Amino acid sequence: MPKMGESITEGTIINWLISEGDSFDEGDIILEVATDKVDNEVPAPAAGTLVKTLFQAKDVVPVGEVMAILEVSEETKTSKKHDVIQSTSTSLSTSLGEESQKKKSLKKKRPVTSSVVEMSQPNSFSVSNSNTFFSPLIIKIAKEHHISFEELARIPATGHEGRLRKSDVFQYIEEGRPYKFAQPVAQQDPTAYRIPQLKFDKGKGKVIEMDRMRQMIADHMVYSKHTSPHVTAYVEADLTNMVNWRNANKKAFQEKYGERLTFTPLFVEAVAKAVKDFPNINASVDGNNIIVKDDINIGMATALPSGNLIVPVVKNADTKDLKTLAANVNELAGKARDNKLAGDDIKGSTFTISNVGTFGSVMGTPIINQPEVAILALGIIKKRPEVIETENGDEIAIRSMMYLSLSFDHRVVDGFLGGSFVRRVADYFEQFDTNRKI
């Protein structure tokens, strides 16, 4: 498994493009691999034949793990690549065989003492569990693997008095998280963790299976709601100065720099300035600790052609001028449209904005992009009659107005910080310098 990004530690095999016994040339695409929301193609390191695949589609493989054994063609056997691949493949095959035996033995011996699994019909089951206490270590592991508290409660526990152990969680993950979508059953112990038993008429209609990305988004959103107590603060901003300046300068900007001037880099610029003013909004939670990030990396929620959502990241946004921000934003947006975002393009965000106004929404209540502690939604820019103060007193004028809504994690962000931050963003929007030079 090749390393496809600085912080990428594993990849999921989407599918093999060649079968065992097939030949290929150097550079041919052998398989497709997914890392988070980005799909990558893995080329052949040399010409040869695929002898054996050690992992199949949907398997999660750590970076550096051998995924297949290749036989190098006669033309390249004299190179060092053959010796490296052959020796590595042999040792990995042996270790994989030993690991497989260990897993089989572990599955046979592993007691299941604190859960009840009821089979109702093929491919469906329900689980109840008495897991009620989760240690900080268990919660940390759950966060890393996007496992909700409901799902944790379904995992068979082998610890003292039914406590969930680290080995229980890792074993459950290795088994493919079989209880992830299990339905609840009644629990006899009224003090046990209870999953509400609700039955709904789901109706009849066309059944559309979620694609892999939609499943990941769903899992991430549910996890975020279960992890962070969401509170949303709203303010209104007058963007007339910004709108007029952008309209007057967008043509000259493109002619000078060769970049389209959308509102997004202007928004990113203002948000980055506000984050510098209120650094505690640029944070994440680690147990009982708050990690205030040094870098200000602004994620921008972007819709893909498929309708799914992805969050490319403008790194170190506070250090870049408008020209560079526009170039970054345009490049990332273009990659998103063409499904060419790399793993590093969507990694490392510390604060996220979501321009819901793009879709005509007046305002939104966005879900926090974990492990961040806040996300800002920007509504549609709409012209409205507003009362403004002038030298002649109050007057009614047509102004370009926007609603901003900040969802924040109330565990570590209180109303004062959340409200002050979103108000500061609005102030930067309203106080835009109309005499600014491009």
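So, a few notes on the structure that sits alongside this text.

### Side note on the packing of aromatic side chains
Now for step 1: Counting across every chain of the model gives five aromatic pairs.
Now for step 2: For the pair Phe263 and Phe267, a centre-to-centre distance of 5.9 Å together with 15° between the ring planes defines the contact as stacked. You can see Phe263 and its partner Phe267 sitting in helix H7 (residues 263-277), four residues apart, about one turn around the helix. Here the two residues Phe263 and Phe267 agree in accessibility, since each one is buried.
Now for step 3: Directly above the ring of Phe263 sits Arg246, whose terminal nitrogen or CZ lies 4.7 Å from the centroid.
Now for step 4: Stacked on the ring of Trp245, the Lys or Arg Arg436 has its end atom at 5.9 Å from the ring centre.

### Side note on the sheet that holds strand S1 (residues 10-16)
Now for step 1: The sheet built from four strands is open, its strands ordered S4-S3-S1-S6 with antiparallel pairing. The sheet is open, and its two borders are formed by strand S4 (38-43) and strand S6 (60-62), each paired with just one other strand. Across the sheet, the mean angle separating the axes of adjacent strands is 40° when strand polarity is ignored.
Now for step 2: Taken together, the three bridges between S1 and S6 define a ladder with antiparallel strand orientation. What sits directly across from Glu10, in S6, is Pro62.

### Examining unusual backbone geometry
Now for step 1: The step from Gln370 to Pro371 runs through a cis peptide bond, and the omega angle for that step is 5°.
Now for step 2: Note on placement: Pro371 falls in the loop between strand S18 (351-354) and strand S19 (374-378).

### Here we look at the pairing of strand S7 (residues 68-72)
Now for step 1: With four of its five residues buried, S7 lies for the most part within the structure.
Now for step 2: Looking at chain direction, strand S5 (residues 48-53) and S7 are connected through five bridges and run antiparallel. Pairing of Gly48 across the sheet is with Val72, part of S7.

### A short note on helix H6 (residues 240-257)
Now for step 1: With 18 residues, H6 ought to run about 26 Å at 1.5 Å a step, and its terminal C-alpha atoms sit 24 Å apart, in line with that.
Now for step 2: Helix geometry: H6 is bent most strongly at Asn249, by close to 50°.
Now for step 3: Burial in H6 covers these residues: Thr240, Met242, Val243, Trp245, Arg246, Asn249 and Phe253.
Now for step 4: Elements in contact with the buried residues of H6: strand S11 (230-238), H7, helix H8 (322-337), strand S21 (393-409) and helix H9 (415-430).
Now for step 5: Just downstream of H6 lies Gly258, where phi reads positive at about 70°.

How each quantity is defined
- The numbering scheme is per chain: residues are counted from 1 as the chain's sequence reads.
- With pLDDT at 70 or above as the cut-off, local features in this predicted model cover only qualifying residues; side-chain atom pairs require 80 or more to be listed or tallied, and sums for whole chains, interfaces and linings still use all residues.
- Each side-chain value is worked out from all heavy atoms of the structure, with water and hydrogens disregarded.
- Note on ring pairs: Phe, Tyr and Trp rings are taken, using the six-membered ring of Trp, and paired if centres are within 6.5 Å. Classes follow the plane angle, with under 30 degrees stacked, over 60 edge-to-face and the rest tilted.
- Helical segments are the DSSP runs of H or I of at least four residues, strand segments are the runs of E of at least two, and each set is numbered from the N terminus.
- Remark: exposure states derive from per-residue accessible area (1.4 Å probe, protein chains only) relative to the maximum for the residue type, with buried under 20%, exposed over 50%, and partly exposed in between.
- Charge-over-ring contacts are defined here by two conditions on Lys NZ or Arg CZ: a distance within 6 Å of the ring centre and an angle within 35 degrees of the ring normal.
- We call two strands paired when DSSP finds no fewer than two bridges between them.
- Angles run from 0 to 180 degrees between N-to-C directions of axes, and those axes are lines fitted to C-alpha atoms, restricted for helices to the stretch in contact.
- A helix is expected to reach a length of 1.5 Å times the quantity of its residues less one.
- Given a residue, its bend is the angle between the two axes fitted to the seven residues that end at it and to the seven that start from it.
- By definition, residues are in contact when any of their heavy atoms lie within 4.5 Å.

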